Amino acid sequence: MSEITPTTVHEAYAFACMRCGHGWEQAYEIEHHVDGSNNDFVIYKADGERVPSPLSRPTCVNCDGHLVRIMRAGRVSTVQKLLHHPQPARPPAEDTGAREAAAATAARAGTQHHWHLSDLLHPFHRK
């Protein structure tokens, strides 16, 4: 009997721990196999190592907590990028108060900011 080559797909997920607020992203190679009884099964690999499915019971890499929100890839890196390189708003020329607020925001932009869970989840809040 010939061995069937597994189909491999690449997926990435973003994670946010609801316990400690840590956020991270991970890319996976997902191998789809068929066993000798013709049953499908899946193997997840991260950085070349076999790992459990990130969808079954994700674990925070910071605090080992299991209350983890899974999001599409790019959520964490986008928030981190915005927090490290904020774009100050451009106020109308006649608005002196807005101009002063923008100057204060620009001055703070040079300081390093550690993002928090609320920063990461802000795009999900409904208005």
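Residues numbered from 1 in each chain as written. Predicted model: local features only at pLDDT ≥ 70, side-chain atom pairs only at ≥ 80, totals over all residues. Heavy atoms only, no water.

Draft legend 1. Local environment of the packing of aromatic side chains. Overall, the coordinates contain four aromatic pairs when judged by the stated rule. Both rings, one in Phe 15 and one in Trp 24, keep their centres 5.2 Å apart while their planes meet at 15°; by these two values the pair is stacked. (Phe/Tyr/Trp six-rings, centres within 6.5 Å; stacked < 30°, edge-to-face > 60°.)

Draft legend 2. View of the side chain of His 33. Mapped onto the secondary structure, His 33 falls in strand 2 (residues 23–34). Overall, the relative accessible area of 17% leaves His 33 in the buried class. There is a polar contact of 3.0 Å between the side chain of His 33 and the side chain of Glu 31. Setting aside chain neighbours within four positions, we find His 33 in contact with Pro 6, Asn 39, Asp 40, Phe 41 and Ile 43. (Helix = DSSP H or I, 4+ residues; strand = E, 2+ residues; numbered from the N terminus. Buried < 20%, exposed > 50% of the residue type's maximum accessible area, 1.4 Å probe, protein only. Polar contact = N/O pair within 3.5 Å; in protein donor to acceptor, adjacent residues only side chain to side chain. Contact = heavy atoms within 4.5 Å.)

Draft legend 3. Here's a closer look at the environment of Pro 58. Tracing the sequence through the fold places Pro 58 in the loop between strand 4 (49–51) and strand 5 (68–72). Classification of Pro 58 by relative accessible area gives buried; the value is 13%. Sequence separation between Pro 58 and Val 68 is 10 residues; the distance between their C-alpha atoms is 6.3 Å. Here Pro 58 is in contact with Phe 15, Gly 65, His 66, Val 68 and Ile 70, once residues within four sequence places are set aside.

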